[in-house]
Amino acid sequence: MSEYEEKCCCEERCRHHEEAETCHEGGDIVEHVAKMWQSAGCSAWSEVVKEILKEKIRARWGAELEKGAEAFVASMGAGWQAKVAKAKAEEEFRKAIEKAILG
């Protein structure tokens, strides 16, 4: 693991989140609750960092990302229209065959 990965991933370093996620079936309840708090803390830190990064990325690259999103949505729309046209053509073909066979 690189130094960057080690510093930026709380869950990888502390590993208590894995133990905290399992249901408590005996043993030290205080230890279990402490691990749940530690896990929630790591998760909260990660969420805050993600929110901050989202803000920074949107501020710096928002316009370019919006243009990319528009292009993607337009492409999806064109692809969907092509699928609908193909489905209609196939349906017309089936109707024509049915009419030819059954009269």
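A. View of the overall build of the protein chain. Regarding its fold elements, the protein chain presents four helices and zero strands. Helices (α) and strands (β) of the protein chain occur, in sequence order from the N terminus, as α-α-α-α. Per-residue burial for the protein chain yields a buried fraction of 8% across its 103 residues.

B. Fine view of the packing of aromatic side chains. Going through the model one piece at a time under the given rule, you end up with zero aromatic pairs. The ring of Trp 61 has Arg 60 lying over it, and the distance from NZ or CZ to the ring centre is 4.0 Å.

C. Looking closely at helix 4 (residues 29–102). A rise of 1.5 Å per residue sets the reference length of helix 4, with its 74 residues, at 110 Å; its end C-alpha atoms lie only 75 Å apart and thus fall more than 12% short of the reference. The sharpest bend along helix 4 measures roughly 80 degrees and falls at Trp 61. By the burial criterion, the buried members of helix 4 are His 32, Lys 35, Ser 39, Cys 42 and Gly 62. A distance of 3.0 Å separates the backbone nitrogen of Val 30 from a side-chain oxygen at the start of helix 4, and that oxygen is part of Asp 28. Gly 103 sits one or two residues past helix 4 and shows a positive phi near 85 degrees.

D. Structural view of the pattern of salt bridges. Evaluated as defined, the whole model comprises three salt bridges. Where Glu 90 meets Lys 86, a salt bridge forms, and the shortest distance between an N and an O atom there is 4.0 Å. Taken together, the residues Glu 90 and Lys 86, both in helix 4 and four residues apart, mark about one turn of the helix. Taking the relative accessible area as the measure of exposure, Glu 90 reaches 36% and is therefore partly exposed.

E. Region of the structure containing a nonpolar patch on the surface. Together, Ile 29, Val 30, Val 33, Met 36 and Trp 37 give the surface a local cluster of nonpolar side chains, amounting to about 520 Å² of exposed area. Summarising the element assignment, Ile 29 is placed in helix 4.

F. View of the confidence of the model for the protein chain. Across the protein chain, the average pLDDT comes to 85, with 75% of residues at 70 or higher. Mean pLDDT across the elements of the protein chain ranges from a minimum in helix 1 (residues 3–8), with 46, to a maximum in helix 4, with 97. Taken together, the stretch residues 4–9 has pLDDT below 50 and engages in three contacts with residues farther than four places along the chain or on a different chain.

Rules behind the numbers
Residues numbered from 1 in each chain as written. Predicted model: local features only at pLDDT ≥ 70, side-chain atom pairs only at ≥ 80, totals over all residues. Heavy atoms only, no water. Helix = DSSP H or I, 4+ residues; strand = E, 2+ residues; numbered from the N terminus. Buried < 20%, exposed > 50% of the residue type's maximum accessible area, 1.4 Å probe, protein only. Phe/Tyr/Trp six-rings, centres within 6.5 Å; stacked < 30°, edge-to-face > 60°. Lys NZ or Arg CZ within 6 Å of the ring centre and 35° of its normal. Expected span 1.5 Å × (residues − 1). Bend = angle between axes of the 7 residues up to and from the residue. Polar contact = N/O pair within 3.5 Å; in protein donor to acceptor, adjacent residues only side chain to side chain. Salt bridge = Lys/Arg side-chain N within 4 Å of Asp/Glu carboxyl O. Patch = residues over 30% accessible without salt bridge, like charges linked within 9 Å, V, L, I, M, F, W, Y side chains within 5 Å. Areas by Shrake-Rupley, 256 points an atom, 1.4 Å probe, with all protein chains shown as cover. pLDDT = per-residue confidence, 0-100. Contact = heavy atoms within 4.5 Å.

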